Amino acid sequence: DAGVIQSPRHEVTEMGQEVTLRCKPISGHDYLFWYRQTMMRGLELLIYFNNNVPIDDSGMPEDRFSAKMPNASFSTLKIQPSEPRDSAVYFCASSFTGNGYTFGSGTRLTVV
Amino acid sequence: DQQVKQNSPSLSVQEGRISILNCDYTNSMFDYFLWYKKYPAEGPTFLISISSIKDKNEDGRFTVFLNKSAKHLSLHIVPSQPGDSAVYFCAASGGSGTYKYIFGTGTRLKVLA
């Protein structure tokens, strides 16, 4: 089992550009979560899906953020336009029946 | 508004001694608590959990204690080892959003050899 796979590992972009982060969950897992890690707020839940359907997006900071899960094996988190304050490490996690998260290695985003 | 708080950003402990990491929560609906461990450049990994029906759960060198009246939990590591040096996140779930974990800000533990 390859675990949860996130790409890219690092992303540096200029302010105003669109950024797309990608996640492949563990096969068979029915929940997918997007978290953001910052020093001030720790791990913040942005959005989560159950069976590809968004369940709770109350953590998405602004309309600039959007997430999709077109099928059970792929999800994206998009920021458009990006701002320097979006710089953080973004984690994707998946689980079966909502218990026992497995996290990916994260994407470190730097917006300059 | 932080529902899960880890007030100590860092902690240093000598190898072989006990490490105690603390966590406080505000939401009385939380009924399941977890600790995750994170090494640099890796995702968090599950360490230990406890349900609100218990006040203690032990797994080898790791023990989690839950004090529901104080809305407080702690992680004890005995004896501490240099490989335990990592960031530890406390998390909680329950109530209306059972399947989402609310994490704290983390505590960086450094075990000195």
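Our structure's up above, just so we're on the same page.
Definitions and limits used
Residues numbered from 1 in each chain as written. Chains lettered and ligands numbered in written order. Predicted model: local features only at pLDDT ≥ 70, side-chain atom pairs only at ≥ 80, totals over all residues. Heavy atoms only, no water. Helix = DSSP H or I, 4+ residues; strand = E, 2+ residues; numbered from the N terminus. Contact = heavy atoms within 4.5 Å. Phe/Tyr/Trp six-rings, centres within 6.5 Å; stacked < 30°, edge-to-face > 60°. Buried < 20%, exposed > 50% of the residue type's maximum accessible area, 1.4 Å probe, protein only. Disulfide = S-S within 2.5 Å. Buried area = accessible area lost by both parts, 1.4 Å probe. Salt bridge = Lys/Arg side-chain N within 4 Å of Asp/Glu carboxyl O. Nonpolar A, V, L, I, M, F, W, Y, C, P; charged D, E, K, R; others polar. Core = buried A, V, L, I, M, F, W, Y, C linked by side-chain atoms within 4.5 Å.

K.L.:
In this structure, what is going on with the side chain of A:Arg36? I would like to understand it.
P.N.:
Residue position: A:Arg36 is located in strand E4 (residues 31–38). Among residues more than four places away in sequence, those in contact with A:Arg36 are A:Gly42, A:Leu43, A:Glu44, A:Leu46, A:Pro61, A:Phe65, A:Asp86, A:Ala88, A:Val89 and A:Tyr90.

K.L.:
When you look at the packing of aromatic side chains in this model, what are you seeing that I'm missing?
P.N.:
The tally for this structure, following the rule as stated, stands at 18 aromatic pairs over all chains. An angle of 25° between the planes, with centres 4.1 Å apart, marks the rings of A:Phe33 and A:Tyr101 as stacked. With a gap of 68 residues between them, A:Phe33 in strand E4 and A:Tyr101 in strand E10 (residues 99–103) connect regions that are remote in the sequence. When its relative accessible area of 0% is taken as the criterion, A:Phe33 is described as buried. An aromatic cluster is built from A:Tyr31, A:Phe33, A:Tyr35, A:Tyr48, A:Phe91, A:Tyr101, A:Phe103, B:Tyr36, B:Phe46, B:Phe89, B:Tyr101 and B:Phe103, whose rings are joined through pairwise contacts.

K.L.:
What's the story with the state of the cysteines in this structure? I'm lost.
P.N.:
All names here are of chain A. In the structure shown here, the tally under the stated rule is two disulfides over all chains. Here cysteine 23 engages in a disulfide with cysteine 92; their sulfurs sit 1.9 Å apart. One disulfide, between cysteine 23 and cysteine 92, carries an S-S torsion of -65° and so falls in the left-handed class. Pair noted here: cysteine 23 is in strand E3 (residues 19–24) and cysteine 92 is in strand E9 (residues 88–96), with a separation of 69 residues, a long-range link. For cysteine 23, a relative accessible area of 1% puts it in the buried group. On the basis of relative accessibility, which here comes to 0%, the residue cysteine 92 falls in the buried class.

K.L.:
Would you mind going over the interface of chain B and chain A with me for this structure?
P.N.:
Interface size, as often reported, equals the accessible area lost upon joining of the parts. If you look at the interface, chain B gives 15 residues, while chain A gives 22 residues. Between chain B and chain A the total buried area reaches about 1,500 Å² when both faces are included, carbon and sulfur atoms providing 54% of it. Interface area lost by chain B to chain A is led by B:Tyr99, B:Lys100 and B:Tyr101, which between them contribute 38%. Applying the counting rule to chain B against chain A returns one salt bridge. A salt bridge links A:Asp56 to B:Lys100; its shortest N-O distance comes to 2.6 Å. Elements that contribute at least two residues to the side of chain B that touches chain A include exactly strand E4 (30–38) and strand E10 (97–103) of chain B. If you tally residues by element for the side of chain B that touches chain A, the top one is E10(B), at four residues. When grouped by side-chain class, the residues that make up the side of chain B that touches chain A number seven nonpolar, four polar and four charged.

K.L.:
For this particular structure, what's the right way to read the pattern of salt bridges?
P.N.:
In a structure, side chains of opposite charge can pair up when their charged atoms sit close to one another. All names here are of chain A. Evaluated as defined, the whole model comprises 11 salt bridges over all chains. Arginine 41 is paired through a salt bridge with glutamate 44; the nearest N and O atoms lie 2.9 Å apart. Here the salt bridges share partners, and the residues they tie into one network are Glu62, Arg64, Glu83, Arg85 and Asp86.

K.L.:
What is the right way to read the nonpolar core from this model?
P.N.:
In terms of nonpolar packing, the biggest core is built from 24 residues, with B:Phe33, B:Trp35, B:Leu73, B:Leu75 and B:Tyr88 touching the most fellow members. Elements supplying a minimum of two residues to this core: strand E3 (19–25), E4, strand E5 (45–51), strand E7 (62–67), strand E8 (72–77), strand E9 (86–94) and strand E11 (107–112) of chain B. A per-element tally of this core places E9(B) first, with four residues. If we ignore the near neighbours within four places in the chain, the residues touching B:Phe33 are B:Tyr25, B:Ile48, B:Ser49, B:Ile50, B:Ser52, B:Leu66, B:Leu73, B:Ala91 and B:Ala92. Membership of the second largest hydrophobic core comes to 21 residues, among which are A:Phe49, A:Met60, A:Ala67 and A:Leu109.

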